[in-house]
Amino acid sequence: MGIRFILMVNKQGQTRLAQYYEYLTLEERRALEGEIVRKCLARNEQQCSFVEHRNYKIVYRRYASLFFLVGVDNDENELAILEFIHLLVETMDRHFGNVCELDIMFHLEKAHFMLEEMVMNGCIVETSKTNILQPIQLMEKSS
Amino acid sequence: MEQLKTIGRELAMGSQGGFGQSKEFLELVKSIGEARSKAEEDRIVLHEIETLKRRISEPDIPKRKMKEFIIRLVYIEMLGHDASFGYIHAVKMTHDDTLLLKRTGYLAVTLFLNDDHDLIILIVNTIQKDLKSDNYLIVCAALNAVCRLINDETIPAVLPQVVDLLNHQKEAVRKKAIMALHRFYHKSPSSVSHLFSNFRKRLCDNDPGVMGATLCPLFDLITVDVNTYKDLVLSFVSILKQVAERRLPKGYDYHQMPAPFIQIRLLKILALLGSGDKLASEKMYTVVGDIFRKCDSTSNIGNAVLYECICCVSSIYPNPKLLEAAAEVISRFLKSDSHNLKYMGIDALGRLIKISPEIAEQHQLAVIDCLEDPDDTLKRKTFELLYKMTKSSNVEVIVDRMIDYMISINDNHYKTYIASRCVELAEQFAPSNHWFIQTMNKVFEHAGDLVNVKVAHNLMRLIAEGFGEDDDAADSQLRSSAVESYLRIIGEPKLPSVFLQVICWVFGEYGTADGKYSASYITGKLCDVAEAYSNDETVKAYAVTALMKIYAFEIASGRKVDMLPECQSLVEELSASHSTDLQQRAYELQAVVSLDAHAVEIIMPLDASCEDIEIDKNLSFLNSYVQQSLENGAQPYIPESERSGTLDISNFRSQDQHEASMHGLKFEAYELPKAPVTSRIPPASVAPSAELVPVPEPSYSRETHQVASVPSISDAGSTEPRLKLDGVRRVVWGKPTYSSPTSSTSNASQSTSNGVTQVDSAANVNSKARKTHDSRKPEAEITPEKQKLAASLFGGPSKTEKRPTSASHKVTKASSHAAEKSQAPKAAVVSNQATLEKINHQPPPDLLDLGEPTVTSSAPSVDPFKQLEGLLDTTQVTSTVNHGAVGATEAPDIMALYVGTPAGGQSSSAENSLPSNSYDINLTSELSNLTSGTTNAGATLPTQFTKGPNPKDALEKDALVRQMGVTPSSQNPNLFSDLLG
């Protein structure tokens, strides 16, 4: 399965985007987000970008005020996931230009569309920025 | 105010091209963004729910407005509230013809609904229709939804269409169709088992994206069944080779690495295929070695690929050269300042240690550093490594450390985990009975309620049976030391229930066995336990039974039993208990006590917990009673099956079931028509037209046949045709100028048909060979007196000479043909001769290796922008970016330089001079900005640096947002710090 969920959370612990690749109920999501955000936000810059939580791992990376958290299975390559986060940010940056938290908030659906292109069934399926953005650009043009 | 409204309306109509959203939506987002607490956020969302409930069901809502409502619903759910009242509107939106609305509808539905939700049935029809659409973007949107919403019952409804789409002219559709099949495989493997050949076919798709996606399902399939896919080894190797040679489109490059995510996936697959298979592994050595050489070790992504190489190397049949390369990378990881790399290094070490146990010794100090690091993640990873290298010589140190850590943490999940690890190691390697009991006591005392009950039962069994040797003296010594330690512990307050059960049981069985303690002493203790934990019925039950055993042993040995008054009152109390179990035990105790010695000895033999109890299933001891009854005129018993007049019920039922399965709906797809096996394509034609990526593609019938004939494949398989031509499509990635590598790969493909059978026939032999290799016990390697801990962890005092020399020899040899090793200065602190010697043999420290931080800090007087430019020019952009995250300790240096520059204008001009790299710079500055945030204790920073390269953009956004009435709130500066200067 690989990736179980992708979360974007700001410094105050407020969720800015949440995508789960296995079904969790609202309560489960709330609890999980609370727990892991508390865990990750408490860590400092020197510590690893990885946190073990229950039976999976969270790989996280911080950009300005926004944290990107990716929950992965235990056999996943953490460094690669760390770079996957960066690829996601680069892709969003290419689309929005100087992407920031507000871009994601105002264009939540577009951020989701990008994720839909990049990750399916919890697997990374596309890593070419052109390929990821093309459907979104075409869609914008048509509407 | 009026003006603002106008602007808002204009924006809503998109006339200004702004965010294209209504004022209302912007206000909502703004207020959510400015919420200071969870409570405030909840208030906003609850208000929003009220508004939406009212508005969303109004008639004739314009489509664009509806889309916004749907996204507001998404917000509500994202922030943890129920938006189920609006699900139906999301479902309706999927029916819309406009692509954007449709896709938004699908997105919302996938975010809201599980695949067994009732509303799904309303979408399946739409999905079916959309899968047939002429617009490939609509097909893609539908396939995305298929991957999230279709469950095993609805698979048949879309399966045929999805299969058709595998050959769609658009690569994006083929890719998503493959992933839809992948999803079906997860949901119900049997539903697509006849379609596996499609994965093989798509592996040689001429679009690298489709190929890359296909690796996901193939990885899963290979995980489950390696042998069926051994024939693909050459294909994967050849693909990996091409990827590493940069033959994929530039778009897949990431930080100068060619398609690293595909490389990683391929390495994972090779690790599976080469595991315990020498022949298959040999085909991989070259390409893995190439990647080791080519990988950029200064970037995160390069290290990610290197780490995957190590995983691969430690999984496949060992190759000395590759192991050496892997060891070298590991030592670089461990010596790095980055905690991330250390973590990867420790993990990699744990993998390699199984194959070459000696490499751990070079890194003992690094390992101990990690163990003592305050970072929990690193510490746990290191415990994982220690667990793997535990042997009887170091078990005491390791388990003690684990227990100390276990006591210090609150995380119950991990506590449970590490407790079971401790128990496992203690059972396996315990140096003495005494130590074992002590260790178990500590584990139970501190994590008792988290420990699996089985562990407690195991402990009881272990105390009863001893360590397996026929040494009665040792066994009884074990028992008395257990009793003694429990008597000490029993006084502690609040012991876990499981532990108390063990204690009571041991007291009952062995409390008085060695004659050291009197029956009244032990029974007194047991009564104390029962009293102190009067809420815990299980403990009380254990205590009463223990009392009964002790009294029984006393009576049997002919001593007179004086029941303590507290025992008597306990028994009386329990005989009136609400729990029938406790009552029964109390009455049993009273009954046993009143019996004579002979009867008691038979009921409760001394130390008989290990005796087998024979169960007479025929109840033959009742025979005389039955006989007597029959003579008295009772009816004889007729077994159920022989009773006349009744049908055999079980038979009947099974028949019924059979009927049901015959008449039930048939959800399975019909099987493909099977072609006769013998008419397969002749092998001779394969080689000449072989594609760049040779992918043998047995058809369905072939596959089943193959599975059936696996055992005999070594003789039958070699003559049979194994490849099927897959059309005439040639897969050519990359520039045509690469002519020589092409020929070499096609050579490789020619040998496929032979190679395949060889692999199969040799698989058994190799796995056997591998097994013997693995089972070779790790030698008890030993180092001289280091730091105490190092010594105790890594071995004892003998063989001091051998290790350092061989290590240094290895290092010099390695450095001669591969990248130079960097030597962390920390290692030099080691006061040990052996290590010093090792260091002397190593090349001088290479500062550039992982070295961005070092470079900057060593030359702080240089103009920072020049330096940045220099870094960027030498295509080190990525490492600069990484440096912020990786070399976090040094980051403030760069930052300080930034802050020192007088104006933001200068920074942007410097960075603008490199337009192609401006993005990366932006990130770099952003990263350095955030590190500075920590140095400045969270104060908002000169944000113009954040937006350095593109001040115009930022200003425009700023203006736009202000226009819309969204003013940055001073209480919540961070949210807007990116946007507003």
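Refer to the structure above for everything that follows.
Values in this document were obtained by computation on a predicted structure and should not be read as measured data.

Caption draft 1: Structural view of the overall build of chain A. Helix and strand counts for chain A stand at five helices and seven strands. Listing the helices and strands of chain A from first to last along the sequence gives β-β-α-β-β-β-α-α-α-β-β-α. For chain A, the proportion of its 143 residues judged to be buried stands at 76%. Long-range pairs, those at least 24 residues apart, make up 49% of the contacts in chain A with a sequence separation of at least 6. Put simply, chain A shows about 4,000 Å² of open surface, and 46% of that area lies on carbon and sulfur atoms.

Caption draft 2: Region of interest: the overall build of chain B. Assigned secondary structure in chain B consists of 49 helices and zero strands. Scored against the burial criterion, the 981 residues of chain B give a buried share of 54%. In chain B, the share of contacts with a sequence separation of at least 24, taken over all contacts with a separation of at least 6, comes to 69%. A total accessible area of about 45,000 Å² is found for chain B, and carbon and sulfur atoms account for 53% of it.

Caption draft 3: Layout of the side chain of A:Ser65. Position of A:Ser65 relative to the elements: it lies in the loop between β4 (56-63) and β5 (66-72). Of note is the side chain of A:Ser65, whose polar atom sits 2.8 Å from the side chain of A:Glu101.

Caption draft 4: Main features of the interface of chain B and chain A. Contacts between the two partners involve 95 residues from chain B and, on the opposite side, 81 residues from chain A. Summed over both sides, the interface of chain B with chain A buries roughly 8,000 Å², with 56% coming from carbon and sulfur. Per-residue buried area on chain B facing chain A is highest for B:Met78, B:Arg103 and B:Phe261; these three make up 9% of the total on that side. Here chain B and chain A share eight salt bridges between them. Note that B:Lys176 is salt-bridged to A:Glu117, the shortest N-O span being 3.4 Å. Counting every contact that joins chain B to chain A gives 28 residue pairs in polar contact (both at pLDDT 80 or more). No other element matches helix α47 (residues 918-935) of chain B, which puts nine residues into the side of chain B that touches chain A. By residue class, the composition of the side of chain B that touches chain A is 46 nonpolar, 26 polar and 23 charged.

Caption draft 5: Here's a closer look at a negative patch on the surface. Residues and elements named next belong to chain B. Together, Asp-528, Glu-531, Glu-566 and Glu-573 make up a region of like negative charge exposed at the surface. Taken together, the elements giving at least two residues each to the negative patch come down to α28 (519-532) and α30 (565-575). With respect to the helices and strands, the residue Glu-531 is situated in helix α28.

Caption draft 6: The arrangement of the packing of α28(B) against helix α29 (residues 537-556) of chain B in detail. Residues and elements named next belong to chain B. Relative orientation of the contacting elements α28 and α29 amounts to 165°, with a least axis distance of 9 Å. The angle between α28 and α29 falls in the class roughly antiparallel. Like other packed secondary-structure pairs, α28 and α29 cross with a definite hand, here left-handed. Contacts from Ala-519, Ile-522, Thr-523, Leu-526, Cys-527, Val-529 and Ala-530 in α28 reach Val-539, Lys-540, Ala-543, Ala-546, Leu-547, Ile-550, Tyr-551 and Glu-554 in α29. Broken down by class, the residue content of the contact of α28 with α29 amounts to twelve nonpolar, one polar and two charged.

Caption draft 7: Quick look at the packing of helix α27 (residues 497-510) of chain B against α28(B). Residues and elements named next belong to chain B. Two numbers describe how α27 lies on α28: the axes approach to 11 Å, and their chain directions differ by 155°. Classed by the angle they form, the pair α27 and α28 counts as roughly antiparallel. Crossing of α27 against α28: the hand is left-handed. Only Ile-522, Lys-525, Leu-526 and Val-529 of α28 make contact with α27, whose side of the interface consists of Leu-500, Cys-504 and Phe-507. For the contact of α27 with α28, the per-class residue count stands at six nonpolar, no polar and one charged.

Caption draft 8: Quick peek at the sheet that holds β5(A). All names here are of chain A. Within the open sheet, the five strands sit side by side as β2-β1-β5-β4-β3. Their pairing is antiparallel. Lying at the two open borders of the sheet, with one neighbouring strand each, are β2 (15-20) and β3 (50-53). If you compare each strand with its neighbour and ignore which way they point, the axes differ by 20° on average. In this sheet, β2 lies alongside strand β1 (residues 3-10) in antiparallel orientation, the contact comprising five bridges. In the sheet register, Val-9 faces β2, and the bridge partner there is Thr-15.

Caption draft 9: Molecular detail of helix α14 (residues 233-244) of chain B. All names here are of chain B. Between its terminal C-alpha atoms α14 stretches 16 Å, which fits the 16 Å expected from twelve residues at 1.5 Å a residue. Among the twelve residues of α14, eleven are classified as buried, and the element is accordingly described as predominantly covered. Burial in α14 covers these residues: Val-233, Leu-234, Ser-235, Phe-236, Val-237, Ser-238, Ile-239, Leu-240, Gln-242, Val-243 and Ala-244. Of the residues flanking the end of α14, it is Arg-246, one or two places downstream, whose phi is positive at about 65°.

Caption draft 10: Region of the structure containing the packing of aromatic side chains. Residues and elements named next belong to chain B. Across all of its chains, the model carries 18 aromatic pairs over all chains by this definition. Summarising the aromatic geometry, the rings of Tyr-405 and Tyr-414 are spaced 6.1 Å apart at their centres and angled 75° between planes, so their arrangement reads as edge-to-face. Here Tyr-405 matches Tyr-414 in class, with each residue buried. Three or more aromatic residues joined by ring pairs make a cluster, and in this case those are Phe-383, Tyr-405, Tyr-414 and Tyr-417.

Caption draft 11: Molecular detail of a nonpolar patch on the surface. There is a patch of nonpolar side chains on the surface, built from B:Leu619, B:Phe621, B:Leu622, B:Tyr625, B:Val626 and B:Leu630 and spanning about 580 Å² of accessible area. Within the fold, B:Leu630 resides in helix α33 (residues 623-631).

Caption draft 12: Spotlight on the pattern of salt bridges. For the structure shown, the criterion picks out 46 salt bridges over all chains. The salt bridge partner of B:Asp42 is A:Arg30, with a shortest N-O separation of 3.6 Å. Within this pair, whereas B:Asp42 is found in helix α3 (residues 38-55), its partner A:Arg30 is found in helix α1 (residues 26-41), the two belonging to separate chains. Among the ionic pairs, B:Arg202 bridges to B:Asp205, the shortest N-O distance being 2.7 Å. Like B:Arg202, the residue B:Asp205 is buried in the burial classification. What emerges from the salt-bridge pattern is a single network uniting B:Glu24, B:Glu48, B:Arg55, B:Lys65, B:Glu68 and B:Arg72.

Caption draft 13: Structural detail: helix α22 (residues 395-408) of chain B. With 14 residues, α22(B) extends 20 Å between its outermost C-alpha atoms, agreeing within 8% with the 20 Å of an ideal straight helix rising 1.5 Å per residue. Structurally, α22(B) contributes buried residues whose contacts are with α21 (376-388), α23 (412-429), α24 (433-447) and α39 (788-794) of chain B.

Caption draft 14: Main features of the environment of B:Ser57. Within the fold, B:Ser57 resides in the loop between α3 and α4 (63-78). C-alpha of B:Ser57 to C-alpha of B:His89: the two residues are 32 residues apart in sequence and 8.6 Å apart in space.

Caption draft 15: Unusual backbone geometry, seen in detail. The backbone phi angle of A:Asn121 is positive, close to 50°, even though this residue is not glycine. With respect to the element layout, A:Asn121 can be found in the loop between β6 (119-120) and β7 (123-124). Positive phi outside glycine occurs at B:Arg246, with the angle close to 65°. Considering the arrangement of structural elements, one finds B:Arg246 in the loop between α14 and α15 (260-274).

Caption draft 16: Region of interest: the pairing of β4(A). All names here are of chain A. Counted residue by residue, β4 has eight buried out of eight residues, so it is predominantly covered. The alternating pattern of β4 places Tyr-56, Ile-58, Tyr-60 and Arg-62 on one face and Lys-57, Val-59, Arg-61 and Tyr-63 on the opposite face, and all of these are buried. What sits between the antiparallel neighbours β3 and β4 is a turn of two residues, in which Arg-54 has the positive phi angle 50°. Summarising the sheet, β4 and β5 pair through seven bridges and their orientation is antiparallel. Of the residues in β5, the one forming a bridge with Ile-58 is Gly-71.

Caption draft 17: Quick look at the environment of B:Thr416. Secondary-structure assignment places B:Thr416 in helix α23. With 32 residues separating them along the chain, B:Thr416 and B:Gly448 place their C-alpha atoms 9.0 Å apart.

Caption draft 18: Summary view of the pairing of β5(A). Residues and elements named next belong to chain A. Of all the seven residues making up β5, seven are buried; the element is thus mostly covered by neighbouring parts of the structure. Residues of β5 alternate between two faces, with Leu-66, Phe-68, Val-70 and Val-72 on one and Phe-67, Leu-69 and Gly-71 on the opposite face, all of them buried. In this sheet, β5 lies alongside β1 in antiparallel orientation, the contact comprising seven bridges. By the bridge assignment for β5, Val-9 is matched with Phe-67.

Conventions we followed
- Along each chain, residues carry numbers from 1 onward, in the same order as the chain's sequence is written.
- Labels follow written order: the first chain is A, the first ligand is 1, and so on.
- It should be noted that, the model being predicted, local features are given only for residues of pLDDT at least 70 and side-chain atom pairs only at 80 or more, the latter also being counted only at that level, while totals for whole chains, interfaces and linings use all residues.
- Side-chain metrics in this entry use all non-hydrogen atoms of the structure; hydrogen atoms and water are not considered.
- Each helix corresponds to a stretch of at least 4 residues labelled H or I by DSSP, and each strand to a stretch of at least 2 residues labelled E; elements are numbered beginning at the N terminus.
- Relative accessibility decides the category of a residue: with a 1.4 Å probe and only protein chains considered, values under 20% of the type maximum give buried, values over 50% give exposed, and everything between is partly exposed.
- The contact criterion used is simple: two residues touch if any of their non-hydrogen atoms lie within 4.5 Å.
- Every accessible area reported is derived by Shrake-Rupley at a probe size of 1.4 Å, with residue values counting cover from the shown protein chains alone.
- Two N or O atoms form a polar contact when they lie within 3.5 Å of each other; inside protein one atom must be a possible hydrogen donor and the other a possible acceptor, and for residues adjacent in sequence the pair counts only when both atoms belong to side chains.
- As used here, buried area is the combined drop in accessible area, with a 1.4 Å probe, of two parts when they are placed together.
- Only one rule defines a salt bridge in this text: a Lys or Arg side-chain nitrogen within 4 Å of an Asp or Glu carboxyl oxygen.
- All residues other than Ala, Val, Leu, Ile, Met, Phe, Trp, Tyr, Cys, Pro, Asp, Glu, Lys and Arg, Gly among them, are scored as polar; the first ten of these are nonpolar and the last four charged.
- Only residues above 30% relative accessible area that lack a salt bridge enter a patch, with like-charged residues linked at up to 9 Å and the nonpolar side chains Val, Leu, Ile, Met, Phe, Trp and Tyr linked at up to 5 Å.
- The charged-residue count follows a simple rule in which Lys and Arg add positive charge and Asp and Glu add negative charge, with His and chain termini not counted at all.
- Think of each charge as sitting on NZ of Lys, CZ of Arg, CG of Asp or CD of Glu.
- Note on geometry: axes are lines fitted to C-alpha atoms, helical ones only across the stretch in contact, with angles between N-to-C directions running from 0 to 180 degrees.
- Convention used here: angles under 35 degrees read as roughly parallel, angles over 145 as roughly antiparallel, angles from 65 to 115 as roughly perpendicular, and any remaining angle as oblique.
- When the near helix sits turned anticlockwise from the far one by under a right angle, the crossing is termed left-handed; a clockwise turn instead gives a right-handed crossing.
- When DSSP locates at least two bridges between a pair of strands, those strands are taken to pair.
- By definition here, a helix of n residues has an expected span of 1.5 Å times n minus one.
- Only Phe, Tyr and Trp rings take part, Trp by its six-membered ring, and two of them pair if their centres are within 6.5 Å. Stacked means planes under 30 degrees apart, edge-to-face means over 60, and tilted covers everything else.

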